[in-house]
Amino acid sequence: MSVRVRFAPSPTGSLHVGGARTALFNWLYARKEGGVFVLRVEDTDAARNTAAAQAAIVDGLRWLGLDWDEGPEKGGPHAPYYQSQRGHIYDAYFQKLVDAGHTYTEENGAVRFRSPRQVIVLPDKICGDVKIDRTEEPDMTIRRPDGSYIFHFVNVVDDIEMEITHVIRGEDHIFNTGKHIELFRAFGAEPPVYAHIPLILNPNGSKMSKREDGAALEYYTKRAFLPAAFVNYLCLLGWSPKDDREILGIDDILPLFRWENMNHSNAKFDLEKCLWFNAQYLAKLDAPAFDHLAIAWLLKQEQPLPGTDDPRLVSALPLIQPKIKSIPEIAEHLHMLFDGSSPVAEDASVKLAAQPEIAKRLETLKTHLEGIETTDWTAAGIQAAVAAAAKELAIKPGALMFPLRVLATGQAHGVDLLPALEWLGKPETLRRAAARIPQCLPAV
RNA sequence: GACCCUUUCGUCUAACGGUUAGGACACGACCCUUUCACGGUUGUAAUACGGGUUCGAUUCCCGUAGGGGUCGCCA
């Protein structure tokens, strides 16, 4: 019997990191086993569902690169894949329960399932055998007075109907599973294999909620993270190849995606490390791919950044690519390259002030830069001029590089300097230097 | 509070019952670099605690403590 798994989100907000990983693990398991990955939208709570959330799920999964074999926009033998459109199926299953005497109706019309009140042992692929004592639990409601059905009921009905063989979901569902197994048994169906994965937590240890910054997948899509990098990082939260490798593609992960390689404890999401993965993948991008990514992001900004409409933009991007961990960091570099009027940054001026004879150095530097023939205004030519200035001052050329950086960019950090100066051109570089020299001099 | 899951550097994690407890992020130092970075080398840093079992416990068992989750006519 072939593997059939599903991702069954409810469209009540943006897709969040935990949901993304649940989808990812289901997808990985399906692909590893040559099975089927079903997307099912659990939109039974009309009051809370939105079209925007609906789109966020589809867009999010596409961004992650997780293609579904059955589901919205794809169809399949068990269509429809929206629970809001499956009412007749639920009615039929509901009647089976009623006929078998498993239900009773409350005064207000809500219908409850009469629990067998047993201790259930859940053989979980990750947690092991989990005892769930249902003997003292209240009966679950399965249908509201208005006739709509509750999550537990529709979830189980659909898993039966869609022939789901494995349920991979967050550990926060582990007690629901007790209820679900009761329903499977009441329907005379064999429960699927369960695997409850530990949760992803905020850095402070609290449960990642949809509201928090960085918890929504949108946070990463808006910042143009590379999906492959994000997926790579996400896999390492809750799963491990059990060796020292960290940069792993789907092809590396698939053969090792086994229950034994799943972790048992919750993991905190570390944005710094996620950014590091992104930087690793960003650095490997070829120029056209990077340009495409960067420009697409630039065009989406409400406030246009310097250089966005400048024909020199594409020639500036290669200077920036190796310096950033995420696309939005382009902004500061564009300011530096395209906006010569920005004042000298505080940390730059402090660091500069520590140099001896700063006025003399800056002037000497300027003089030598002015002396460069326009045709020699290249990284190598500028380097030669810096060396000449250093010789005149009897200091190491390296000592002049930082002042030069501050004069040209106003910053203590930034792109590789010599190529940047070549890119800026002689007139612009000199204009900036002249304007900034006064700012760089110690206050009298 | 009850129940369930869980516990190795700050974080993510590795370690057939025998390792100087390894790697990565972050942080520091050094090297490379005529700057900023990348990279390389390296340093600080962990088996929650208490009992067992064992020649030997990070590893197995039992407690305690910590963390997380769940206790809906939300999903």
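Quick notes on the rules
Residues numbered from 1 in each chain as written. Chains lettered and ligands numbered in written order. Predicted model: local features only at pLDDT ≥ 70, side-chain atom pairs only at ≥ 80, totals over all residues. Heavy atoms only, no water. Phe/Tyr/Trp six-rings, centres within 6.5 Å; stacked < 30°, edge-to-face > 60°. Helix = DSSP H or I, 4+ residues; strand = E, 2+ residues; numbered from the N terminus. Buried < 20%, exposed > 50% of the residue type's maximum accessible area, 1.4 Å probe, protein only. Lys NZ or Arg CZ within 6 Å of the ring centre and 35° of its normal. Near = heavy atom within 4 Å. Polar contact = N/O pair within 3.5 Å; in protein donor to acceptor, adjacent residues only side chain to side chain. 1 Å grid on protein atoms, 1.4 Å probe; cavity = no way out; pocket = protein on both sides within 12 Å on 5 of 7 lines; lining within 4 Å. Points joined across faces, edges and corners; volume = space filled by probe spheres on them. Nonpolar A, V, L, I, M, F, W, Y, C, P; charged D, E, K, R; others polar. Salt bridge = Lys/Arg side-chain N within 4 Å of Asp/Glu carboxyl O. Contact = heavy atoms within 4.5 Å. Core = buried A, V, L, I, M, F, W, Y, C linked by side-chain atoms within 4.5 Å. Axes fitted to C-alpha atoms, helices over the stretch in contact; angles between N-to-C directions. Parallel < 35°, antiparallel > 145°, perpendicular 65-115°, else oblique. Left-handed = near helix turned anticlockwise from the far one by under 90°.

A. Region of interest: the packing of aromatic side chains. Summed over the entire model, instances satisfying the criterion amount to 18 aromatic pairs. Look at Y220 and F230: their rings are 4.7 Å apart centre to centre, the planes differ by 35°, and that puts the pair in the tilted class. Of this pair, Y220 sits in helix α6 (residues 217-222) while F230 is found in helix α7 (residues 227-235), placing the two residues ten residues apart along the sequence. Like F230, Y220 is buried. By the ring-pair criterion, three or more aromatic residues cluster together here, those being W63, Y219, Y220, F225, F230, Y233, F269, W276 and F277. Across the ring face of Y219, the terminal group of R223 is positioned such that the distance to the ring centre comes to 3.6 Å. In this arrangement the basic side chain of K284 is found over the ring face of Y281, its NZ or CZ atom lying 5.0 Å from the centre.

B. Broad picture of the protein's contact with RNA strand B. Taken together, 55 residues lie around RNA strand B, and R48, E246, P397, R405 and D416 are the ones closest in. Restricting the count to atoms of RNA strand B within 4 Å of the protein gives a sugar and phosphate share of 71%. One of the side-chain N or O atoms of N108 is found 2.3 Å from a base nitrogen in RNA strand B. N176 is positioned with one of its side-chain polar atoms (N or O) 3.2 Å from a base nitrogen of RNA strand B. Elements supplying a minimum of two residues to the surface near RNA strand B: β6 (128-133), α4 (151-161), β11 (267-268), α9 (271-284) and α16 (398-409).

C. Highlighting the side chain of R40. Looking at where R40 falls in the secondary structure, it is placed in the loop between β2 (36-39) and α2 (51-64). Within the local environment of R40, its side chain forms a polar contact with the side chain of E42, the two groups lying 2.8 Å apart.

D. Focus on the layout of surface pockets. The computed volume of the largest pocket comes to approximately 1100 Å³. Every residue lining the largest pocket is counted, 37 residues in all, and those nearest its centre are P9, S10, H16, D172 and H173. Residue assignment for the lining of the largest pocket shows that the elements contributing at least two residues are β1 (4-7), α1 (17-33), α4 and β8 (166-170). Broken down by element, the residue count for the lining of the largest pocket peaks at four residues, all from α1. Each residue belonging to the lining of the largest pocket can be placed in one class, and the counts come to eleven nonpolar, 16 polar and ten charged.

E. Quick look at the pattern of salt bridges. Evaluation of the coordinates by the stated rule reveals 21 salt bridges. With its nearest N and O atoms 2.9 Å apart, the salt bridge here joins R4 to E70. Highlighted residues: R4 in strand β1 and E70 in the loop between α2 and α3 (87-99), separated in sequence by 66 residues. Grouping residues by exposure puts R4 and E70 together as buried. Residues joined in a network through salt bridges with shared partners are R6, R40, E42, R86, D158 and D159.

F. Representation of the environment of L400. Note that L400 resides in helix α16. Its relative accessible area of 0% is what places L400 among the buried residues. Each C-alpha atom, one on L400 and one on I168, is 59 Å from the other, the two residues being 232 residues apart in sequence. Aside from chain neighbours lying at most four places away, what touches L400 is R361, L365, V386, A389, A390, L393 and I395.

G. The side chain of N176, seen in detail. Here N176 shows up in helix α5 (residues 176-186). Residue classification places N176 among the buried positions, given a relative accessible area of 16%. Filtering out sequence-adjacent residues up to four positions away, N176 remains in contact with F151 and H152.

H. Representation of the nonpolar core within the structure. Counting 110 residues, the largest nonpolar core has F230, W239 and F269 as its most contacted members. Looking at this core element by element, the count peaks at nine residues for α1. When residues no more than four places from it in sequence are discounted, the contact partners of F230 are V17, W63, L64, L217, Y220, F269 and C274. Formed by 31 residues, the second largest nonpolar core is a distinct cluster that contains Y93, F94, I120 and M140.

I. Structural detail: the packing of helix α15 (residues 379-393) against α16. Following both chains from N to C, one finds α15 and α16 inclined at 120°, their axes separated by 9 Å at the closest point. Overall, the two elements α15 and α16 adopt an arrangement that is oblique. By crossing handedness, the relation of α15 to α16 is classed as right-handed. Together, V386, A389, A390 and L393 of α15 and L400, M401 and L404 of α16 make up the contact between the two elements. Classifying every residue of the contact of α15 with α16 gives seven nonpolar, no polar and no charged.

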